[in-house]
Amino acid sequence: MFAYGAQYYRPPNPPSKVWSKDFEQMSQLGFNTVKLWAMWNYTHPSKDEFDFSELDELVALGEKKNFNVVISLILENAPHWLSQEHPEARYESQDGVKVDLQARPNTPGGGWPGLCLNHKIVREHAERYMEALASRYAGNETVTSFDTWDEAFFEPNHYYPDKRFCYCEACSRDFRRWLRKRYHDLETLNENWEQRYTDWEQVAPPRYHGGYPRFLDWQRFRLENHQRWMKWRAETLRGASPDVTLRSHGIAGNLGGLVQNYNDDWESASTVEEWGTSSFPHWMDYPEIAEKIEDRIAAHQITLDVARGAAQGRRFWQTELEGGPVRSGNAGAPRGLTCGPFPDPGEMEIWNWNAIMSGAKGVLYWQYRPEMLGLESPGFGLVRRNGEMTDRTRVAERFAKLTTENPELESSKPVEGDIAIGLLPEAANFNYVAEGNTHQFSGTVQGIYKTLWAADYQIDFAKPHQFENYGTVYLPYPLLLEDETVREIKSFVKRGGTLITGGTPAVHKSNGRVFKEAPGAGLGRIVGASLLTSRPGGSESLELGKGKIAGKVRRDILECHEASMMGSWSDGGIGAVRNSYEKGETIVLGTLVGISCGEDQTNRSKNTFLRLLSDRGLVPVVESNRGIAKTRLHRYEEGFILYMTNESKNQKNIGIKLRKDLGNFKDSIGDVTYLESENMADADIVVDIDGRSGGALIFG
Ligand SMILES: [Zn+2]
C-alpha cells in the first residue's frame, strides 16, 4: 500500500481535545498513515514510571480509522531527572560548554538535545525506555512501524553552527577505544598520524581545525559512532517487538551536511527495513527563499534521489514533506517570527509527483496541524489553527485518493539512472577538515546534479559498492579516497565502466598527506596520467573540443603517460585526459566541474560538459524537447510508466523523445494526456500537460 498521511503528534501539541475530530477528518481525506512522536522526556517521568497514556489514546483512535501508525523514537530529548542525576552526561562542545536540557524549535516540550548516548548510565535508561515503548505496542496491528531514528542525525552540531560536539569524557574515551581498534598500538597510530605520542591518555579529540590525520579520524569515528547508536536503537526495538517494521529517515546529509550531522544515509538505511527523507523545499534556502521554482524543484528532487540511492533497493518514503509555511532558526539566529511563503497548491502537486517519480512509496506531511509553541509556531500546518481545511489540504486529499486508486504507482520502480554521481563521505570530510566547511564538495555535487537534471538525465546517487550497476559514474571532488573506494573504482573500470572525475583523484593519502605522485593509491595507472601542479581557479578556461569549462577552485595541470590529451588550459598545460584501462575508460577533468557549471551564467561550461557526455553516446533515455517536462521512467509488472511534471504555470504540448521502446500506450494518470494523433519534430510522442502539475503515462 502506498502510505499517505501526516505527522500528527509531537507533545505538547496538538491538544487532546481536537484529536478525535482531526482523525475523522484525516480519514475522510483518504489518509491511511499517521506518525506520532514518542518523546523520552514526556513519557518517562520518573525512573520507574512510564506514561504512554497519550500515545495509547492516539493509537486507539488510529485503530478506529484503520490507520497505520508510525511511532517515532525520539531520544534527542532526555528526562530532566536523569540530567539532574548525571550532569556530566550533558553534551559538551569543543569549547567546554555543557548543554543544559532545553526547548528548541523541533522540541517545544523541552529536554533537548538529550544526554550523551556514549554515557553508560544514560544508555541503560534509554534502553529501558525503548524496551518499554516497543513492548507496549508489540503485536499491535495498528502500530505497523517504528521510526528508529526520526531524522537520523546528530542534532547539537546542527543547532549551534559555531560549535561542535561531543567532547565529554565518554566520547573522548570512546574515541581512544576506536583508535586502538583501528591502529592496535601507539606506534602504528604515531606512524599514521606522523606524531610522537608516548601514552594513549595523551590522545584527545581535536577541538579546532588544524592537522589532518587526527581530525580525519575524528570525523570517521563520529560517523561510525553514530552508526553504533543507530544499530543499538534498531536492535533494542527489534528485541522487544520482533515483528514490527523498522524504518528511519534522513535529511540527505550525504550532500555535505554529514560532516556536522554525522549521519551517512547509506549506512543508516542498511540498519532498517525501510528508509526515507525529509524535504522542505522552502527551507533549503530559508529565509532567502530560492526565487526560481525550478531551483526549488531541483532542490526537492535531489533529496529524494539521495534517499533512493541510500535505500539501496529498500522501500523509501517522503517521510516529511512541507505541509505549510516554514518557521524555525537556530541558536545563533532564531527566526520565530520570520514566516516562509505558504506553499502554492500547484507547487505542492509537483512535490507529490516528484516523490512518486523518484520511487518513494509513501508521503507524510510535516505536519497536519500547525505547531503552536515555540520557534516553529504557527508554521507547517496542512490545516488552519482551528483545524479547518486549506487549499493545501485539498492537494493532500487529491493525492491520498490518487495513490490509493492507482496501484501501479506503488508497484513501479525507477529504471537505473543514465549516469550515477558518486557520493563519497570522505570527500565531504576532507573538504571540511581542510576548509572548515563543505562549500567546494556540496557546490560541485549540486552543480553537476542540476546540470544533468536540467538536461533530462535520469540521475542516481551511488556509493562505490554500487558503481558496478552503472555504465558511467561521475565522481566529484575525488581529492582524498578511502582504500575501499579505490578498490571499487579499480574494479569498476576494469570491468568496463567509464569513470569521469572533476579534479585529479587521490591527491591526498587517507591521512591527508599529499602523495608525492598523484593520483596515488595505484590510480595513476588507471588514469594514465599524473598531476604536475595545481593552479588556483580564476578567469582561465579548460578548452575541450570547441567548448570551454571555466576553471573553478583548482586547475590541475596534468602530464600524459598512457592517457591521451582531451583538453588544455587557455594559459597552457594539459587540463583533461582520457585513458583506456582494461575494459573501461577514465576521463579526468582538471577542475571542479560542478562549480564551473553551477556558477555558469552563459551555459558554456554546462554545454561543454553535456557535449562531452553526448559525444560518448551517453544521452538521456527520455528527453523532453522543451526541457520543461521533467521525466522519470519506471518499470512495473506489465511494462513501463513514464512520469512527468510541468513546473511552468501554463498548460503545454510537449514533445518527448524516447530512446527505449516502451510498448503500447495504455492509460494515463493525473494531469497528462497522450496526444496520439499529434506530431512534433524530433519527438516520438506528444503529450499535453497542465501547468504546475504532473502525471504518468502507462505503457504495456
Ligand atoms: Zn559525549
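Keep in mind that this is a model prediction, so the values were computed, not measured. (Residues numbered from 1 in each chain as written. Predicted model: local features only at pLDDT ≥ 70, side-chain atom pairs only at ≥ 80, totals over all residues. Heavy atoms only, no water.)

Caption draft 1: Representation of the overall build of the protein within the structure. A count of helical and extended segments in the protein gives 21 helices and 32 strands. Relative to the globule expectation of 27 Å for 700 residues, the C-alpha radius of gyration of the protein, 26 Å, shows essentially globular dimensions. Counting only C-alpha atoms, the protein reaches 80 × 70 × 45 Å along its principal axes. The long-range fraction of contacts in the protein, counting pairs at least 24 apart against all pairs at least 6 apart in sequence, stands at 75%. Summed over all atoms, the accessible surface of the protein reaches about 25700 Å², with 45% contributed by carbon and sulfur. (Helix = DSSP H or I, 4+ residues; strand = E, 2+ residues; numbered from the N terminus. Rg over C-alpha atoms; globule rule 2.2 N^0.38 Å. Contact = heavy atoms within 4.5 Å. Areas by Shrake-Rupley, 256 points an atom, 1.4 Å probe, with all protein chains shown as cover.)

Caption draft 2: Examining the nonpolar core more closely. Grouped together as the largest cluster of nonpolar side chains are 193 residues, with contacts concentrated most on Y8, F31, F146, L452, F461 and F609. The greatest single-element share of this core, amounting to 11 residues, is contributed by helix 9 (residues 212–240). Residues in contact with Y8, not counting those within four places in the same chain, are N13, P14, V18, W19, D22, F23, M26, K35, L36, L58, Y368 and R369. L633, L658, Y674 and V687 belong to the second-largest nonpolar core, a separate cluster that totals 20 residues. (Core = buried A, V, L, I, M, F, W, Y, C linked by side-chain atoms within 4.5 Å. Buried < 20%, exposed > 50% of the residue type's maximum accessible area, 1.4 Å probe, protein only.)

Caption draft 3: Quick look at the packing of helix 1 (residues 19–29) against helix 3 (residues 53–64). It is the contact of helix 1 with helix 3, at a shortest axis distance of 10 Å, that shows an interaxial angle of 35°. Along this stretch, helix 1 crosses helix 3, giving a crossing that reads as right-handed. Judged by residue contacts, W19, S20 and F23 of helix 1 engage E54, E57, L58, L61 and G62 from helix 3. Grouping the constituent residues of the contact of helix 1 with helix 3 by class yields four nonpolar, two polar and two charged. (Axes fitted to C-alpha atoms, helices over the stretch in contact; angles between N-to-C directions. Left-handed = near helix turned anticlockwise from the far one by under 90°. Nonpolar A, V, L, I, M, F, W, Y, C, P; charged D, E, K, R; others polar.)

Caption draft 4: Region of interest: the coordination of the zinc ion. Bound to the zinc ion on the protein side are C116 (SG), C166 (SG), C168 (SG) and C171 (SG), at distances that span 2.2 to 2.3 Å. The coordination sphere of the zinc ion comprises four donor atoms, whose angles at the metal cover 97 to 119°; the geometry is tetrahedral. Linear spacing of the donor residues for the zinc ion on their chain is C-x49-C-x1-C-x2-C. The same class applies to C166 as to C168, namely buried. (Donors = N, O, S within 2.8 Å, 3.2 Å for Na, K, Ca; no water. Tetrahedral: all angles 85-135°; square planar, octahedral: opposite > 155°, others 65-115°.)

Caption draft 5: Just a negative patch on the surface, in detail. A grouping of E49, D51, E54 and E57 is seen on the molecular surface, where their side chains present a negatively charged patch. In this structure, E57 sits in helix 3. On the basis of relative accessible area, E57 is assigned to the partly exposed category, the value being 42%. (Patch = residues over 30% accessible without salt bridge, like charges linked within 9 Å, V, L, I, M, F, W, Y side chains within 5 Å. Salt bridge = Lys/Arg side-chain N within 4 Å of Asp/Glu carboxyl O. Lys, Arg positive; Asp, Glu negative; His and termini not counted. Charge placed at Lys NZ, Arg CZ, Asp CG, Glu CD.)

Caption draft 6: Representation of unusual backbone geometry. With an omega dihedral of 15°, the bond running from P11 to P12 counts as a cis peptide bond. When you line up the elements, P12 lands in the loop between strand 1 (3–9) and helix 1. The omega torsion across N13 and P14 is -10°, close enough to zero to call that bond cis. Topologically, P14 is positioned in the loop between strand 1 and helix 1. With a phi close to 50°, Q312 is a non-glycine residue in the positive phi region. As for its position among the elements, Q312 is in the loop between helix 12 (293–311) and strand 9 (316–322).

Caption draft 7: Main features of the side chain of R327. Tracing the sequence through the fold places R327 in the loop between strand 9 and strand 10 (328–329). With no salt bridge to any partner, buried R327 finds its closest opposite charge in E376, at an N-O distance of 10.0 Å. Among the polar contacts listed, one links the side chain of R327 to the backbone oxygen of G336, at a separation of 3.0 Å. (Polar contact = N/O pair within 3.5 Å; in protein donor to acceptor, adjacent residues only side chain to side chain.)

Caption draft 8: Geometry of the pattern of salt bridges. Enumeration over the complete set of coordinates arrives at 48 salt bridges. A salt bridge links E124 to K120, with the nearest nitrogen and oxygen atoms 3.2 Å apart. Within this pair, E124 and its partner K120 are both found in helix 5 (residues 120–136), separated by four residues, close to a single helical turn. Relative accessible area serves as the criterion here: at 55%, K120 is assigned to the exposed category. Among the salt bridges present, the one from E638 reaches K666, with a minimum N-O distance of 2.8 Å. Note that E638 is positioned in the loop between strand 26 (629–636) and strand 27 (639–646) and K666 in strand 29 (residues 665–670), a separation of 28 residues in sequence. Judged by relative accessible area, E638 falls into the exposed class, the value being 51%.

Caption draft 9: Inspection of the pairing of strand 20 (residues 547–550) at higher detail. As paired elements, strand 19 (residues 541–544) and strand 20 share four bridges and run antiparallel to each other. When the bridges of strand 20 are listed, L544 appears paired with G547. Here strand 19 folds back onto strand 20, and the loop between the two strands holds two residues, one of which, G545, carries a positive phi near 60°. (Pairing = 2+ DSSP bridges.)

Caption draft 10: Focus on the sheet that holds strand 28 (residues 652–658). The strand order across the open sheet formed by four strands is 25-28-31-30, and the pairing between neighbours is antiparallel. Across the chains shown, the open sheet's two edge strands, defined by having one partner strand only, are strand 25 (622–624) and strand 30 (672–674). With strand direction ignored, the average angle separating the axes of adjacent strands in the sheet is 30°. Where strand 25 and strand 28 come together, three bridges link them in antiparallel fashion. Across the sheet, residue S624 finds its bridge partner in strand 28, namely I656.

Caption draft 11: Looking closely at the environment of Y477. Relative to the assigned elements, Y477 resides in the loop between strand 16 (472–476) and helix 18 (483–494). With 53 residues separating them along the chain, Y477 and L424 place their C-alpha atoms 8.6 Å apart. Residues contacting Y477, with those up to four places away along its chain left out, are A427, N431, Q440, F441, T444, G502 and L592.

Caption draft 12: Focus on the packing of aromatic side chains. Tallied over the full model, the rule gives 40 aromatic pairs. Summarising the aromatic geometry, the rings of W193 and Y197 are spaced 6.0 Å apart at their centres and angled 70° between planes, so their arrangement reads as edge-to-face. By the burial criterion, W193 is buried, and Y197 matches it. Grouped by ring-pair contacts, the aromatic residues Y4, Y8, F23, F31, F67, Y365 and Y368 constitute a single cluster. The side chain of K630 reaches across the aromatic face of W453, ending 4.8 Å from its centre. (Phe/Tyr/Trp six-rings, centres within 6.5 Å; stacked < 30°, edge-to-face > 60°. Lys NZ or Arg CZ within 6 Å of the ring centre and 35° of its normal.)

Geometric values such as these leave the question of function open.
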